[in-house]
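Structural overview
Now for the letters of each chain:
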Amino acid sequence: MSIAPPPEAGDAKSPQADWARAPERSNMLALRVICWIALRCGRPAARLVLHPVCLYFLLFAPTPRRHIKRYLFRAIGPQAGWADGYRLLHAFASTVLDRIYFLRGRLDLFDVRVQGNVPVEEEVIAGRGAFMLGAHVGSFEALGGCKHHAPRPGDLRIAMLMYPDNARQINAVLGAIALPELRPHIIALGRPHAMLALREWLDGGGLAGLLADRTLAGADDADAQRSSTVLLPFLGTPAPFNDGPFRLAALLRRKVFFMAGLYAGGARYDVQFELLADFSERVSDPAERERRIRTALENYVARLEALCRAYPYNWFNFHDFWLEDSA
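Residues numbered from 1 in each chain as written. Predicted model: local features only at pLDDT ≥ 70, side-chain atom pairs only at ≥ 80, totals over all residues. Heavy atoms only, no water.

1. Let's talk about the nonpolar core
One recurring pattern in soluble globular proteins: nonpolar side chains tend to sit buried together. For the record, the criterion: Residues grouped as a nonpolar core are buried Ala, Val, Leu, Ile, Met, Phe, Trp, Tyr and Cys residues, joined through side-chain atoms within 4.5 Å. Each residue's exposure class comes from its accessible area (1.4 Å probe, protein chains only) as a fraction of the maximum for that residue type: buried when under 20%, exposed when over 50%, partly exposed otherwise. Whether two residues are in contact is decided by their heavy atoms: any pair within 4.5 Å suffices.
Judged by nonpolar contacts, the single largest core of 84 residues is most densely connected at F131, F234, F241, F246 and Y300. Those residues in contact with F234 that sit more than four places away from it in its chain are A239, F241, V301, L304, E305, C308, W315, F321 and W322.

2. Overview of the sheet that holds strand β4 (residues 158-162)
Keep this limit in mind: Whether two strands pair comes down to DSSP finding at least two bridges between them. Elements are defined by DSSP. Helices are runs of H or I of four residues or more, strands are runs of E of two residues or more, and each kind is numbered from the N terminus. Simply put, an axis is a line fit to the C-alpha atoms, just over the touching stretch for a helix, and the angle between two N-to-C directions goes from 0 to 180 degrees.
Pairing in this open sheet of seven strands is mixed, and the strands run β2-β10-β9-β3-β6-β4-β5 from one edge to the other. Pairing within the sheet leaves two strands with one partner each, and these edge strands are β2 (111-115) and β5 (185-188). Shown here is a sheet whose adjacent strand axes are inclined to one another by a mean of 30 degrees, direction ignored. Both strand β3 (residues 130-134) and strand β6 (residues 207-211) contribute to a ladder of five bridges, which runs parallel. What sits directly across from F131, in β6, is A208. Strands β3, β9 (255-263) and β10 (268-278) of the sheet are contacted by helix α9 (residues 286-310), whose axis makes an angle of about 160 degrees with β10.

3. Focus: the environment of F57
Its location among the elements puts F57 in helix α2 (residues 43-60). Put simply, F57 and L89 are 32 residues apart on the chain and 8.1 Å apart in space, counted from C-alpha to C-alpha.

4. A word on the pairing of β2
Going residue by residue along β2, you find V112 and V114 tucked away on one face and D111, R113 and Q115 left uncovered on the opposite face. As paired elements, β2 and β10 share five bridges and run parallel to each other. Bridging from a neighbouring strand, V112 pairs with Y269 of β10.

5. Some details on helix α3 (residues 62-75)
Heads up, the condition is: In this scheme, a helix's expected span is set at 1.5 Å multiplied by one less than its residue total.
For α3, spanning 14 residues, the distance from its first C-alpha to its last is 20 Å, which sits close to the expected 20 Å at 1.5 Å a residue. Inspection of α3 places P64, H67, I68, R70, Y71, L72, R74 and A75 among the buried residues, and these make up the whole buried set. The inward-facing, buried residues of α3 contact α4 (82-103), β8 (237-242) and α9. At the exit of α3 stands G77, carrying a positive phi of roughly 130 degrees.

6. Topic: the environment of R70
Considering the arrangement of structural elements, one finds R70 in helix α3. Taking C-alpha positions, R70 is 9.0 Å from W322, a pair spaced 252 residues apart along the chain.

7. Focus on the packing of helix α8 (residues 244-252) against α9
Rule in force here: When an angle is under 35 degrees it counts as roughly parallel; over 145 it counts as roughly antiparallel; between 65 and 115 it counts as roughly perpendicular; any other value is oblique. When the near helix sits turned anticlockwise from the far one by under a right angle, the crossing is termed left-handed; a clockwise turn instead gives a right-handed crossing.
As a packed pair, α8 and α9 sit with axes 9 Å apart at the nearest point and diverge in direction by 130 degrees. Classified by the angle their axes make, α8 and α9 are oblique. Once α8 is placed against α9, the crossing between them reads as right-handed. In contact with F246, R247 and A250 of α8, α9 contributes E290, I293, A296, L297 and Y300.

8. Section: the side chain of R74
Short version of the rule: In the analysis that follows, any N or O atom pair within 3.5 Å is treated as a polar contact, provided that within protein one partner can donate a hydrogen and the other can accept it, and provided that, for residues neighboring in sequence, both atoms belong to side chains.
Turning to its location among the elements, R74 is positioned in helix α3. Looking at R74, its side chain comes within polar contact range of the side chain of E324, at 3.1 Å.

9. Regarding the confidence of the model for the chain
For clarity, the threshold we go by: Along the chain, pLDDT gives the predictor's confidence residue by residue, from 0 to 100.
Averaged over the chain, the pLDDT score is 84; the fraction of residues at 70 or greater is 81%. Contacts for the low-pLDDT stretch residues 1-17, under 50 throughout, to residues beyond four places or in other chains number 34 contacts. Low pLDDT, under 50, characterises residues 217-225; the stretch is placed with 19 contacts to residues that sit more than four places away or in other chains.

10. Here's the deal with the packing of aromatic side chains
Cut-off, in case you're wondering: By convention, a stacked pair of Phe, Tyr or Trp rings (six-membered ring in the case of Trp) has centres within 6.5 Å and planes under 30 degrees apart, an edge-to-face pair has planes over 60 apart, and any other such pair is tilted. For a ring to carry a charge above it, either NZ of a lysine or CZ of an arginine must fall within 6 Å of the ring centroid while also lying within 35 degrees of the normal to the ring plane.
Applying the stated rule across the entire model yields 20 aromatic pairs. Considering the side-chain rings of F92 and F318, the 5.3 Å spacing of their centres and the 90 degrees angle between planes classify their relative orientation as edge-to-face. Pair noted here: F92 is in helix α4 and F318 is in the segment after α9, with a separation of 226 residues, a long-range link. Pairing F110 with Y269 gives two aromatic rings, centres 5.9 Å apart and planes at 75 degrees, and the pair type is edge-to-face. Of the two residues, F110 sits in the loop between α4 and β2 while Y269 sits in strand β10, which places them 159 residues apart along the sequence. By relative accessible area, which is 0% here, Y269 ends up buried. Pairwise contacts between aromatic rings join Y71, F234, F241, W315, F321 and W322 into one cluster. Here the basic side chain of R74 rests over the ring of W322, its NZ or CZ set 4.3 Å away from the ring centre. The aromatic ring of W201 is capped on one face by R157, whose charged end is 4.5 Å from the ring centroid.

Listed below in structure tokens is the structure:
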């Protein structure tokens, strides 16, 4: 496989891959069948179904397979092969399957280990709220395991900031099977009044989760629309990242934590939190504010890169992340 020459680091001239309008590779009947097997036959039986599903996508989805190859070459090295691609797809399918059980409250099926959650809980207890920036790494639903480690579980309220149009079918199925109290609260980005809803949620002590490795500009406040896409070194090659989430956190004066629910195989998930930036204090100097935003973005990319190397089969971005096809 050949990899295109990398672009120069700096401000990106071209937009990130148009993943938001990519067709959803889901079949409603197949999704319902898998959910039925998961709930009626149990997790061990449902995991057997994952093997033919993963094999199908590995053989008959050439475009995602090409992007998986490029990523694994960078995260693991040129020795990455078909087995590594299959392992990545199986980890992804496993986390999707486990979403069913997390949303049904079956935490007893999993070994969830949590690190770095105390500072997050302190922000919640103080009623300040915070941003939780993750990536398409592991499982967001595994963060629900944190409630069993929290001194006041009822205070941990998490809303997901997302563009919901890209996965309507799977979100509809999972939303239908979720217990009412576990159904995720979603603040839809790109909608009118999204900014107001986000501010009210944070002011109420809620946590706002955002997967920032596919961020698009488009919040309805003036500051977020001045966000920019920046090329930063990522796994040895500059890649585009948007600083919009950090500008939003700076505008709303909140702390930003990195979050990841890493799938460690079998029934184990490692949930990690780490403080990335503290925008709670007002900064009057525009240059200093820009410096802090850029530093926070660079810290985010560095943390994501470290996780991709430590858990290479946990990053689930199957599109042209490095913009090599467009180049």
